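Structure assessment
Chain residues, written in single-letter form:
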Number of protein chains: 2
Amino acid sequence: MTRIRLDLSYDGTSFAGWARQPGLRTVQGAIEDALEVVLRTQRAGLASPRLTVAGRTDAGVHARGQVAHVDVDPALWEAVRGRSDRGPQEALVSRLAGLLPPDVVVHRATPAPVGFDARFSAVRRRYVYRVSDDPRTRDPLRRSHVLWQRRALDVDAMQAGAQALLGRHDFSAFCKPREGATTIRTLEIFDWERPSSGPDAALVVAHVQADAFCHSMVRALVGASLAVGEGRRSVDWLADLLVGRLRDPAGAVVPAHGLTLEEVTYPPDDQLASRAAQTRALRSHDEVDALPRPAASSRPEPPGAVAPGATR
Amino acid sequence: MTRIRLDLSYDGTSFAGWARQPGLRTVQGAIEDALEVVLRTQRAGLASPRLTVAGRTDAGVHARGQVAHVDVDPALWEAVRGRSDRGPQEALVSRLAGLLPPDVVVHRATPAPVGFDARFSAVRRRYVYRVSDDPRTRDPLRRSHVLWQRRALDVDAMQAGAQALLGRHDFSAFCKPREGATTIRTLEIFDWERPSSGPDAALVVAHVQADAFCHSMVRALVGASLAVGEGRRSVDWLADLLVGRLRDPAGAVVPAHGLTLEEVTYPPDDQLASRAAQTRALRSHDEVDALPRPAASSRPEPPGAVAPGATR
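Attention in this report is confined to the structure presented alongside it. Model, not experiment: these values are computed from the prediction.

Description of the side chain of B:Thr183
Position of B:Thr183 relative to the elements: it lies in the loop between strand 7 (167–170) and strand 8 (184–193). Those residues within four positions of B:Thr183 in sequence are excluded, and the remaining contacts are B:His169, B:Asp170, B:Phe171, B:Ser172 and B:Cys175.

As structure tokens, then:
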């Protein structure tokens, strides 16, 4: 089989998350259905294409730098080019662009290096959460992926509080509990800033990067930060939550629509296989990502609401 | 009466344009309805607030830097602050944020300087049209305000062709004809570029600035440019169209959703009144903006389609 790496983006608003679920509109389902048409697996009597993804986002969460892989029969891969003089890579991207709905884009399709696994080879994931706390600079054209919140935020306090969480810790206070799953993660970056220029100018933005995230972790970290930023909690509150190793009973998980998976990082090609083996061993007691998840609601949360649902 | 200047943005997707029309969802209607609630004109037995706008955008066109004015009874203006210690400016913005739908945002509400008229005092309008010609960099989160087009564009050719149109000309070749209306305009900027960084990185972007625009002018300029960029027409074609003073029978007016009014510029305060008087005199035979327009379709055009409809 030829392993193909797909780089892709989606607007999560109208999806019940990444993972395929019967009867629901999911990103995985949309891409697999389109791949089945382009690769003609059914006509060849082969199994339908199945995607493995780096970050299984929940309902309403967006992605710009998502990575997935699919294993394809080499003959079908070569056949994708059809009668054109393009290679199968360009042909697949072009044909998927014609078949996929406008809220999913596959940017690149490339044969993966030996040892590559979209999920297990990844060394880190980077998420961004975007908040607008000021009607003066609120952009209605970006409201699908920015949380609008009423009270002004103290970004310095949020940043100070966030720094205390960096490093390797048990993040169970910020994780939706899951039986048999470890909640130890290495938080590499947790920065709050208010950029003065660029695409996110005037927004309040969290950059959150870790080796991996447990379920609902980014949205719980952001929810706790907003409590600090609004002055409802002290700067030390995030550290207190971490040490207490208890999920804050009043801890708000922020709405999904402000969250975007921006980037997944892989090691150099010669370390892909060893990294994958290492991750599989570490996660032997941590089947968070491998377990099927309960069906999530397909209704997008209303902007501004703080919902009890959970996502990364 | 106290004249209030409003600075505002909207996502035009679900609006039948700016101008109030019976039975249709319009930006003017949404804001006027909200102003009526906040200002309590009805309870005071006064006429409903009526907005005058700098750029009357058509159905589906967006705005980030739109400017409008409304004349308000001074007592009602002072009463907006209610029991809060905020001034009426902050109170109005805050209350409108709570009343307006999420696709309209009023950023600022300020008493206007003497002589200010949102429409007639303006010295220039700047529009941006955004196109993506490459699935590798297409962002599904911005698809509401970027035209996705299939063929790759030659931006250098588009830019070269556009430069020939700069200056004061009769733009009837690019205007939807309207009886009794002059089509002479001064095109100050018409630049095509492919930014390598910033919010529009990797897109193909037109910056179009003029003293004013006749109806459908920006979308006709962009449509003609795309024909050049795709190689269907030569670089000289835009200049040929201009000189011919005939609307190109095959000229495509591009879809509305790629177009955003970004900025309206006013002269220094001491020239506001004279500028308004000057504009009124020049437009004595040019009632383009003052005439009621036919009802536009409220259905957003599908991305990628080239519709026969028209807008600025």
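And the narrative resumes.
Some details on the packing of aromatic side chains
Overall, the coordinates contain ten aromatic pairs over all chains when judged by the stated rule. Seen in terms of ring centroids, A:Phe171 and A:Phe174 are 6.5 Å apart; in terms of plane orientation they differ by 55°. Their pairing is tilted. The exposure class assigned to A:Phe171 is buried, which follows from its relative accessible area of 0%. Taking the relative accessible area as the measure of exposure, A:Phe174 reaches 1% and is therefore buried. Their ring planes at 90° and their centres at 5.3 Å tell us that B:Tyr127 and B:Phe213 sit as a pair that is edge-to-face. Of this pair, B:Tyr127 sits in strand 5 (residues 124–132) while B:Phe213 sits in the loop between strand 9 (204–210) and helix 5 (217–229), and the two are 86 residues apart along the sequence. The exposure class of B:Phe213 is buried, given its relative accessible area of 2%. Across from the ring centre of A:Phe15, 4.0 Å away, lies the NZ or CZ of A:Arg25, which sits over that ring.

Considerations on the interface of chain B and chain A
On the chain A side, the residues contacting the 30 residues of chain B number 30 residues. For the pair chain B and chain A, the summed buried surface comes to about 2,400 Å²; carbon and sulfur atoms form 63% of the total. With its nearest N and O atoms 2.9 Å apart, the salt bridge here joins A:Arg143 to B:Asp11. Our enumeration of links across chain B and chain A arrives at eight residue pairs in polar contact (both at pLDDT 80 or more).

Thoughts on the packing of helix 5 of chain B against helix 6 (residues 237–244) of chain B
Residues and elements named next belong to chain B. It is at 9 Å that the axes of helix 5 and helix 6 come closest, and there the two elements cross at 140°. Of the possible angle classes, the one that applies to helix 5 and helix 6 is oblique. Here Leu221, Ala224, Ser225, Ala227 and Val228 of helix 5 lie close against helix 6, whose contacting residues are Trp237, Leu238 and Leu241. A breakdown of the residues in the contact of helix 5 with helix 6 according to their chemical character gives seven nonpolar, one polar and no charged.

Looking at a positive patch on the surface
On the surface, A:Arg40, A:Arg43, A:Arg83, A:Arg86, A:Arg95 and B:Arg150 cluster together into a positively charged patch. For A:Arg86, the position within the fold is in the loop between helix 2 (74–79) and helix 3 (88–99). You can call A:Arg86 partly exposed: its relative accessible area is 34%.

A word on the pattern of salt bridges
Using the criterion set out here, one finds 42 salt bridges over all chains in the structure. The partner of A:Asp103 in a salt bridge is A:Arg25, with the nearest N and O atoms 2.9 Å apart. One end of the pair, A:Asp103, is in the loop between helix 3 and strand 4 (104–111); the other, A:Arg25, is in the loop between strand 1 (2–10) and helix 1 (27–39), with 78 residues separating them in the sequence. One salt-bridge network, held together by shared partners, links A:Arg64, A:Arg130, A:Arg142, A:Asp200, A:Glu262 and B:Asp139.

Thoughts on the relation of the copies chain B and chain A
For these two chains of identical sequence, chain B goes onto chain A by a turn of 180° and a shift of 0.0 Å along the axis, with RMSD 0.0 Å. Seen this way, the second copy is the image of the first under a two-fold rotation axis. Relative to the rotation axis, the closest C-alpha in chain B is found at B:Pro199, a distance of 2.2 Å. A shared binding surface is used by both copies, with 100% of the interface residues of chain B retained as interface residues in chain A.

A look at the state of the cysteines
Residue and element names in this part refer to chain A. Under the definition given, this model contains two disulfides over all chains. Here Cys175 pairs with Cys214 through a disulfide, and the sulfurs are 1.6 Å apart. Here the S-S torsion is close to -40°, and the disulfide linking Cys175 with Cys214 is therefore left-handed. Pair noted here: Cys175 is in the loop between strand 7 (167–170) and strand 8 (184–193) and Cys214 is in the loop between strand 9 (204–210) and helix 5 (217–229), with a separation of 39 residues, a long-range link. Cys214 shares its class with Cys175; the two are buried.

With respect to helix 3 of chain A
In an α-helix there are 3.6 residues to a turn, and that puts residues three or four apart on one side. Residue and element names in this part refer to chain A. With twelve residues, helix 3 should reach 16 Å at 1.5 Å per residue; the first-to-last C-alpha distance of 16 Å fits that figure. Those residues of helix 3 lying buried are Pro88, Ala91, Leu92, Val93, Ser94 and Leu96. Lining the buried residues of helix 3 we find strand 1, helix 1, helix 2 and strand 4.

Describing helix 4 (residues 155–163) of chain A
Residues and elements named next belong to chain A. Among the residues making up helix 4, those that are buried are Val155, Ala157, Met158, Gly161 and Ala162. One side of helix 4 holds all its buried residues, which, seen down the axis, span an arc of 160°. Close packing links the buried residues of helix 4 with strand 8, strand 9, helix 5 and helix 6 (237–244). Taking the backbone nitrogen of Asp156 as reference, a side-chain oxygen 3.2 Å away marks Asp154 as the first, capping residue of helix 4.

Looking at the environment of B:Ala157
Residue and element names in this part refer to chain B. As for its position among the elements, Ala157 is in helix 4 (residues 155–163). Sequence-wise, Ala157 and Val67 are 90 residues apart; in three dimensions their C-alpha atoms are separated by 34 Å. Excluding residues that lie within four positions of it along the chain, Ala157 makes contacts with Val228 and Val235.

Analysis parameters
Residues numbered from 1 in each chain as written. Chains lettered and ligands numbered in written order. Predicted model: local features only at pLDDT ≥ 70, side-chain atom pairs only at ≥ 80, totals over all residues. Heavy atoms only, no water. Helix = DSSP H or I, 4+ residues; strand = E, 2+ residues; numbered from the N terminus. Contact = heavy atoms within 4.5 Å. Phe/Tyr/Trp six-rings, centres within 6.5 Å; stacked < 30°, edge-to-face > 60°. Buried < 20%, exposed > 50% of the residue type's maximum accessible area, 1.4 Å probe, protein only. Lys NZ or Arg CZ within 6 Å of the ring centre and 35° of its normal. Buried area = accessible area lost by both parts, 1.4 Å probe. Salt bridge = Lys/Arg side-chain N within 4 Å of Asp/Glu carboxyl O. Polar contact = N/O pair within 3.5 Å; in protein donor to acceptor, adjacent residues only side chain to side chain. Axes fitted to C-alpha atoms, helices over the stretch in contact; angles between N-to-C directions. Parallel < 35°, antiparallel > 145°, perpendicular 65-115°, else oblique. Nonpolar A, V, L, I, M, F, W, Y, C, P; charged D, E, K, R; others polar. Patch = residues over 30% accessible without salt bridge, like charges linked within 9 Å, V, L, I, M, F, W, Y side chains within 5 Å. Areas by Shrake-Rupley, 256 points an atom, 1.4 Å probe, with all protein chains shown as cover. Lys, Arg positive; Asp, Glu negative; His and termini not counted. Charge placed at Lys NZ, Arg CZ, Asp CG, Glu CD. Least-squares fit on C-alpha atoms with pLDDT ≥ 70 in both. Disulfide = S-S within 2.5 Å. Expected span 1.5 Å × (residues − 1). Arc of directions from axis to C-beta.

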